[in-house]
Amino acid sequence: MSTPQNDLAQNDLAQNELPYRDLPYYEDVSPARGTTPPRAWYASSDAARLSLNGIWRFRLSPTATAEDDAFARREFDASRWAELPVPAHWVLHGHGAPAYTNTRYPFPVDPPHLPTENPTGDHRLVFDLPHGWEGGESLLRFDGVESCARVWLNGEELGTFKGSRLPHEFEVGRQLRPRGNVLAVRVHQWSSGTYLEDQDQWWLPGIFRDVTLLHRPEGAVRDFFVHASYDHTDGTGTLLVEADPGGRLTVPELGIDLATGEPATVRVEPWSAEVPRLYAAELATPGERVPLRIGFRTVAVEDGVLKVNGARVLFRGVNRHEFHPEHGRAVDAKTMRRDLLLMKQHNINAVRTSHYPPHPAFLDLCDELGMWVIDECDLETHGFAIVGWRGNPVDDARWTPALLDRASRMVERDKNHPSVVLWSLGNECGTGRGLGAMADLIRERDADRPLHYEGDPSCTDVDVHSRMYAGHAEVEQIGRRTESPWGDRELDERRRAMPFLLCEYAHAMGNGPGGLLEYQRLFETYERCQGGFVWEWIDHGIARRTVDGERWFAYGGDFGEELHDGNFVCDGLLFPDRTPSPGLIEYKKVIEPVRISGDGRAGTVRIANRFNFADLSGLSFLWYYEVQGVSVAHGELAVPPLGPGESTELKLPEPPAPERPGEALWTVRAVLADDTAWAGAGHEIAWAQLPAVPHVPAPPPACPAVLRKGEGNVLVLGRGAFDAATGALRYLDGFEVVAPRLDVWRAPTDNDEGAEWQPDERYGTIWRGLGLHRMQHRVVSVRDADGELVVRTRVAPASSDLALDTTFRWTADQRGRALRLDVSVVPEGDWWCPLPRLGVRLGVCGSLGLAEWYGGGPGEAYPDTRTASRIGRWTLPVDALQTPYVRPQENGARADVRWAELRREDGTGLRIEGDPAFWFTARRWTSEELDAAAHTTDLRPGPLVWINVDHGQHGIGSQSCGPGVLPQHRLAVAPASFSFAFSTVATRAGATWGDEDR
Ligand code: GAL
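Residues numbered from 1 in each chain as written. Predicted model: local features only at pLDDT ≥ 70, side-chain atom pairs only at ≥ 80, totals over all residues. Heavy atoms only, no water.

Peer 1: Hey, could you run me through the overall build of the protein chain in this one?
Peer 2: A tally of helices and strands in the protein chain yields 12 helices and 58 strands. In summary, the protein chain has a C-alpha radius of gyration of 32 Å against a globular reference of 30 Å for 998 residues, a match within 12%. The burial tally for the protein chain puts 62% of its 998 residues in the buried class. Of the charged side chains in the protein chain, 104 are positive and 143 negative, and the gap between their average positions amounts to 3 Å. (Helix = DSSP H or I, 4+ residues; strand = E, 2+ residues; numbered from the N terminus. Rg over C-alpha atoms; globule rule 2.2 N^0.38 Å. Buried < 20%, exposed > 50% of the residue type's maximum accessible area, 1.4 Å probe, protein only. Lys, Arg positive; Asp, Glu negative; His and termini not counted. Charge placed at Lys NZ, Arg CZ, Asp CG, Glu CD.)

Structure, rendered in structure tokens:
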């Protein structure tokens with residue numbers, strides 16, 4: 001079994017790389033002292049093991065040397081120390097505080113030196129061996145300690161290690177005693193290892209993964225390597241298990257009973273993320289029996305395409321950091337499983353373990369439930385970019401042993417997982433010789449998995465071309481294999497022949513990401529483009545409570561950090577409490593592995609299987625015929641069990657004779673036919689709506705009412721009462737309203753604000769600079785135009801000559817209860833940027849707390865995030881229309897709304913119909929209040945419900961880290977006309993105005 005080379009020959013060092021001397025172990029760049037060679041992780045065996053997780057004693061010191069090592073002695077009295085659970089991060093238990101930076105080191109870039117202030121946690125556990133624990137060898141294993149540990153058992157020092165998210169083991173048989181063992185672990189927050197761990201996340205020190213004592217009987221397994229390949233041409237699998245010491249391998253289901261080191265070839269069912277077929281096996285060496293689960297699969301790059309078992313794979317992926325809002329990176333087994341179930345339920349099939357190997361049990365779950373995994377090494381030196389990459393450890397031979405140690409610990413630990421299909425050298429380390437050395441080491445050890453690393457555009461050391469946040473146009477160019485040259489002709493040609501993936505794209509910070517659908521179309525068009533990994537899975541908001549007990553989520557700066565990167569740490573598809581965000585719902589729809597399309601009027605539907613391996617036999621297809629959002633007939637479609645890539649066209653049944661007129665749609669859904677390991681029968685995989693009868697908006701009044709003067713300074717039109725001086729609507733049918741007026745402002749989203757390194761325009765700043773958040777409304781005229789009320793207003797920001805010349809034309813029908821508003825907007829001046837929104841805002845009494853609408857729902861949607869919005873009739877309380885982005889910002893719009901009602905508990909309320917359909921938003925605070933809030937708890941319901949009915953919204957894009965809004969989703973300033981009809985709803989039981997009138 002290989003081990004990393006821990007020493008380099010003197011002549012490998014360049015002149016400026018003289019060996020570091022006389023450094024304390026936490027600054028010393030060597031990876032470890034006293035640990036045993038890395039090896040495979042396995043969840044269980046018949047050898048005894050003792051979890052040392054639990055309540056330990058804990059003491060925090062401000063520096064690495066504030067305390068001596070007396071605490072390691074058996075007789076030391078730690079009874080007055082604090083108690084701390086292990087695994088945990090001490091900063092999440094009241095000792096010190098978390099801190100967040102994205103790329104910046106929170107201390108001077110002075111490698112390998114560290115600040116004198118180096119929080120140091122002394123951990124101490126007294127434990128007995130369980131009854132029957134035999135003598136002989138034992139290993140003490142740490143699955144994760146951040147960032148550097150020194151370990152003693154019963155007063156004897158075992159050694160030191162770095163490499164926070166990697167396992168480290170010590171031989172401890174000799175030191176163990178039956179009772180009263182004292183395990184002492186000194187953990188330094190900062191170490192030379194920190195220079196290699198500059199990932200974009202909270203700085204969270206501590207023993208954050210399991211600590212375990214493993215008995216090693218004579219002849220126990222030291223290490224083993226399962227090679228299980230699949231030959232798709234003849235359906236056989238070849239199994240070879242190397243083990244130290246040797247033994248036997250049995251796979252009862254396959255009739256295999258073999259000596260280790262001997263191959264066997266038999267017919268098998270292959271493993272894939274879609275059909276994760278595992279075979280139960282057992283490895284028996286003279287001293288230990290280890291249960292295994294074997295998955296047969298072969299990964300290869302062939303003809304410029306990444307294939308598994310001979311088929312091109314398409315990654316519908318996410319980047320997963322380990323995160324829990326209370327426990328940080330100390331993620332328990334239940335949460336890991338929950339993550340995977342949520343991923344599977346949202347059609348996600350791939351995980352990049354950004355940016356370090358996850359808890360080892362997570363990969364067992366990936367094997368079991370089916371997930372393609374890019375396993376990434378615990379390595380990032382991004383903070384060196386800020387100093388021009390000077391001193392970057394990945395290009396400094398003194399650090400190479402540490403890099404090799406990390407590569408080796410990852411590969412050895414995780415090599416037996418079928419789910420791991422690519423190794424990744426790390427993230428954002430620039431370029432350097434150290435990466436080449438890691439690649440060589442990995443290739444030599446495991447030739448069966450391709451290599452990934454994004455940070456070197458030359459792709460020298462890798463087998464796949466990978467980019468992050470490339471825009472759609474660039475991805476298309478890469479898809480055509482015509483991307484710009486990088487420099488070296490040979491390397492350029494080699495790179496163009498590689499498969500391509502976006503290891504990060506679609507930055508899910510706040511509202512968004514937008515533009516997913518357009519990316520997916522590229523992945524489906526170009527064979528080379530094999531999908532991507534959304535950044536990222538979960539917001540890293542840390543749970544906090546107000547004095548009143550209300551929960552909120554903290555981000556950078558909330559712990560008083562001097563240096564921080566704000567809410568850039570909250571950029572996930574899940575909220576910190578693991579509630580799916582609208583971004584995840586959108587992603588699920590965009591990546592659905594079954595495509596349903598067709599022609600609703602002609603009554604045909606096309607079903608395409610977009611799985612790479614699975615057929616459709618596990619799915620049922622249901623159809624619904626819906627008139628005005630109400631299902632009037634439904635049934636099941638007989639769909640043949642199409643194989644991967646196959647499609648078919650089917651006839652829909654005859655639609656039922658219409659009982660009432662109105663828009664009609666077919667909704668076709670693909671759902672699980674039976675329960676699976678990750679979702680129950682009936683769980684929806686894919687859906688589509690096919691228009692059958694189009695929507696016809698209500699016509700203007702046929703028999704118009706005439707404007708008349710009321711009492712005092714009031715104008716009356718139909719059931720509306722207006723201020724005669726300003727033309728502002730005051731009452732509608734007895735309901736007081738805060739007059740509708742033109743509105744262009746939205747609380748900028750993180751994507752509107754944009755990232756400083758992105759070349760696209762940062763509209764958040766531009767809009768604010770133009771004053772769009774403080775538009776002034778000058779009433780130009782209020783006129784009676786042949787019985788209609790016409791109000792002209794010039795809407796414009798201070799200190800600018802840009803304006804929107806706005807005309808409100810109010811009409812009413814003599815018979816109806818509705819007031820119709822026709823809006824026309826004519827821009828004045830040279831508007832060179834899009835608007836945030838264009839529509840009308842009004843306020844109504846806060847008692848109108850229930851919304852019902854017919855249009856897109858149930859969740860929010862914006863022009864480039866609307867794929868998952870489906871037409872239906874939806875009801876939600878106003879409070880539930882809000883999306884609680886960790887940093888409050890524009891949210892909650894519903895797309896394609898034909899009509900919306902806001903009602904009181906007694907059923908009375910207000911109704912708005914649109915022509916054309918509109919974007920509908922209702923909230924208990926204004927956009928300005930939303931804009932001013934930094935956390936959800938800053939938002940306090942006011943006395944009114946504010947309604948925005950918008951003709952247009954600007955798209956969302958992904959500019960908080962990636963490209964901005966695509967041109968087709970920008971809200972360009974142009975003349976616009978749109979209409980609304982306002983009416984009141986008398987009671988719930990009665991027909992609404994719309995129904996009455998049609
Ligand atoms: C990438 C980086 C990630 C994360 C992301 C932005 O550059 O690899 O770790 O920082 O940007 O959220």
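Peer 1: Would you take a moment to explain the sheet that holds strand β21 (residues 279-285) for this structure?
Peer 2: Strand pairing within a sheet occurs via backbone hydrogen bonds; the two strands may be parallel or antiparallel. Spatially, β19-β18-β21-β22 is the arrangement adopted by the four strands of the open sheet, whose pairing is antiparallel. Edge positions in the sheet fall to β19 (256-259) and β22 (288-294), since each of these pairs with one other strand and no more. The mean angle between the axes of side-by-side strands here comes to 20°, regardless of whether they run parallel or antiparallel. Relative to β22, β21 is paired through seven bridges, and the arrangement is antiparallel. Bridged to Ala281 within β22 is Leu292. (Pairing = 2+ DSSP bridges. Axes fitted to C-alpha atoms, helices over the stretch in contact; angles between N-to-C directions.)

Peer 1: Teacher, can you tell me more about the packing of helix α3 (residues 400-414) against helix α4 (residues 433-445) here?
Peer 2: Describing two packed helices takes the angle between their axes plus the distance from one axis to the other. Contact pair α3 / α4: the axes reach a minimum separation of 9 Å and the direction vectors enclose 30°. Compared by their axis directions, α3 and α4 come out roughly parallel. The way α3 lies across α4 gives a crossing that is right-handed. When α3 is examined against α4, the residues Thr400, Leu403, Leu404, Ala407, Ser408, Met410, Val411 and Glu412 are found in contact with a partner set consisting of Gly434, Leu435, Ala437, Met438, Leu441, Ile442 and Arg445. Each residue belonging to the contact of α3 with α4 can be placed in one class, and the counts come to 10 nonpolar, three polar and two charged. (Parallel < 35°, antiparallel > 145°, perpendicular 65-115°, else oblique. Left-handed = near helix turned anticlockwise from the far one by under 90°. Contact = heavy atoms within 4.5 Å. Nonpolar A, V, L, I, M, F, W, Y, C, P; charged D, E, K, R; others polar.)

Peer 1: Looking at this model, I keep getting lost on the site of the ligand. Mind explaining?
Peer 2: Surveying the vicinity of the ligand reveals 13 residues, the closest of which are Asp200, His355, Glu428, Glu504 and His507. Asn427 places a polar side-chain atom, nitrogen or oxygen, 2.8 Å from an oxygen atom of the ligand. In this structure, an oxygen atom belonging to the ligand sits 2.7 Å away from a side-chain N or O atom of His507. For the ligand, whose free accessible area comes to 310 Å², the fraction covered by protein is 96%. Put simply, the ligand lies in the second largest pocket. Its residues assigned to classes, the shell around the ligand comprises five nonpolar, four polar and four charged. (Near = heavy atom within 4 Å. Polar contact = N/O pair within 3.5 Å; in protein donor to acceptor, adjacent residues only side chain to side chain. Areas by Shrake-Rupley, 256 points an atom, 1.4 Å probe, with all protein chains shown as cover. 1 Å grid on protein atoms, 1.4 Å probe; cavity = no way out; pocket = protein on both sides within 12 Å on 5 of 7 lines; lining within 4 Å. Sits in = over half its atoms within 2 Å of the grid points.)

Peer 1: What exactly am I supposed to notice about the pattern of salt bridges here?
Peer 2: Close approach of charged atoms allows side chains of opposite charge to pair. What the rule picks out here adds up to 82 salt bridges. The closest approach of N and O atoms between Arg433 and Asp395, which form a salt bridge, is 3.0 Å. Here Arg433, found in helix α4, pairs with Asp395, found in the loop between β28 (372-376) and α3; they are 38 residues apart in sequence, far enough to count as distant. Here Arg433 falls in the partly exposed class, since its relative accessible area comes to 43%. With relative accessibility at 35%, the residue Asp395 sits in the partly exposed group. Bridged by salt links that share partners, the residues Glu146, Arg165, Glu197, Arg329, Asp378 and Arg406 form one connected network. (Salt bridge = Lys/Arg side-chain N within 4 Å of Asp/Glu carboxyl O.)

Peer 1: Sorry if this is basic, but what is going on with the environment of Lys415 here?
Peer 2: Positionally, Lys415 belongs in the loop between α3 and β29 (420-424). The class of Lys415 is buried, set by a relative accessible area of 1%. Sequence-wise, Lys415 and Val241 are 174 residues apart; in three dimensions their C-alpha atoms are separated by 12 Å. Setting aside chain neighbours within four positions, we find Lys415 in contact with Arg39, Ala40, Asp223, Phe224, Phe225, Trp423, Arg445 and Arg449.

Peer 1: Where do I start with helix α8 (residues 582-590) in this structure?
Peer 2: The periodicity of an α-helix, 3.6 residues per turn, causes residues three or four positions apart to be oriented the same way. Of all nine residues making up α8, eight are buried, and the element is well covered by its neighbours. Regarding α8, the residues found buried are Pro582, Gly583, Leu584, Glu586, Tyr587, Lys588, Lys589 and Val590. As for α8, its buried residues are in contact with β26 (315-319), α1 (333-345), β32 (500-505), α7 (516-525), β33 (529-534) and β42 (684-693).

Peer 1: Hey, could you run me through the packing of aromatic side chains in this one?
Peer 2: Here the distance between the centres and the angle between the planes together describe a pair of aromatic rings. Applying the stated criterion across every chain, the model contains 40 aromatic pairs. Judged by centre distance (5.2 Å) and plane angle (70°), the rings of Phe107 and Trp190 are edge-to-face. In this pair, Phe107 sits in the loop between β5 (99-101) and β6 (117-127) while Trp190 sits in the loop between β12 (181-188) and β13 (201-203), placing the two residues 83 residues apart along the sequence. Across the pair, Trp190 and Phe107 agree in class, each one buried. Seen in terms of ring centroids, Phe918 and Phe980 are 5.4 Å apart; in terms of plane orientation they differ by 85°. Their pairing is edge-to-face. Taken together, the positions of Phe918 in strand β56 (residues 909-923) and Phe980 in strand β58 (residues 976-985) put the pair 62 residues apart, joining distant regions of the chain. (Phe/Tyr/Trp six-rings, centres within 6.5 Å; stacked < 30°, edge-to-face > 60°.)

Peer 1: How should the sheet that holds strand β31 (residues 465-468) be read in this particular structure?
Peer 2: Spatially, eight strands are ordered β30-β29-β28-β27-β26-β33-β32-β31 in an open sheet, and the strand pairing comes out parallel. Here the strands that pair on one side only, and so sit at the sheet edges, are β30 (451-452) and β31. Alignment of β31 against β32, held across four bridges, turns out to be parallel. Counted as the bridge partner of Ser466 is Leu501 from β32. With respect to the sheet, α3 is in contact with β28 and β29, its orientation differing from that of β29 by roughly 175°.

Peer 1: It is not clear to me how the state of the cysteines should be interpreted in this structure. Could you clarify?
Peer 2: In protein structure, a disulfide is the covalent linkage between the sulfur atoms of two cysteines. This model, assessed by the stated rule, comprises zero disulfides. Among the cysteines around Cys961, which has no disulfide bond, Cys503 carries the closest sulfur, lying 11 Å off. (Disulfide = S-S within 2.5 Å.)

Peer 1: Please clarify how the side chain of Thr101 should be interpreted in this entry.
Peer 2: Among the structural elements, Thr101 can be located in strand β5. For Thr101, a relative accessible area of 1% corresponds to the buried category. In terms of polar contacts, Thr101 uses its side chain to reach the backbone carbonyl oxygen of Arg104, at 2.7 Å. A distance of 2.8 Å separates the side chain of Thr101 from the side chain of Trp203, its partner in a polar contact. The residues touching Thr101, leaving out its near neighbours within four places in the chain, are Pro106, Gln199, Asp200, Gln201, Trp203, Leu563, His564 and Asp565.

Peer 1: Which parts of the structure should I look at to understand the layout of surface pockets?
Peer 2: The calculated volume of the largest pocket comes to roughly 950 Å³. A class-by-class count of the residues in the lining of the largest pocket yields 24 nonpolar, 14 polar and 12 charged. Its volume calculated, the second largest pocket comes out at about 670 Å³. Together, 29 residues line the second largest pocket, and Asn102, Thr103, Phe568, Trp757 and Cys961 are the ones closest to its centre. Of all the elements in the fold, those that place two or more residues in the lining of the second largest pocket are β31 and α9 (750-753). Among the residues forming the lining of the second largest pocket, the class breakdown is eight nonpolar, nine polar and 12 charged. (Points joined across faces, edges and corners; volume = space filled by probe spheres on them.)

Peer 1: Which parts of the structure should I look at to understand α3?
Peer 2: Over its 15 residues, α3 runs 21 Å from end to end, which matches the ideal 21 Å to within 8%, given 1.5 Å per residue. Buried residues dominate α3, accounting for 15 of its 15 residues. (Expected span 1.5 Å × (residues − 1).)

Peer 1: What is the right way to read the pairing of strand β38 (residues 619-627) from this model?
Peer 2: Working note: regular strand, side chains alternate between the two faces of the sheet. Of all nine residues that make up β38, nine are buried, and the element is covered over most of its length. Residues Leu619, Phe621, Trp623, Tyr625 and Val627 line one face of β38 and the alternating positions Ser620, Leu622, Tyr624 and Glu626 line the opposite face, and both faces are buried. Relative to strand β41 (residues 664-672), β38 runs antiparallel, the two sharing nine bridges. The residue bridging Trp623 from the neighbouring strand is Val668, located in β41. Of the strand pairs in this sheet, β38 and strand β39 (residues 630-637) are connected by seven bridges, and their pairing is antiparallel. Residue Glu626 lies in a different strand from β39, and its bridge partner there is Ser631. Between β38 and β39, which pair antiparallel one after the other, the connecting turn spans two residues, and Gln628 there sits at a positive phi close to 45°.

Purely spatial values, then, with no claim about function.
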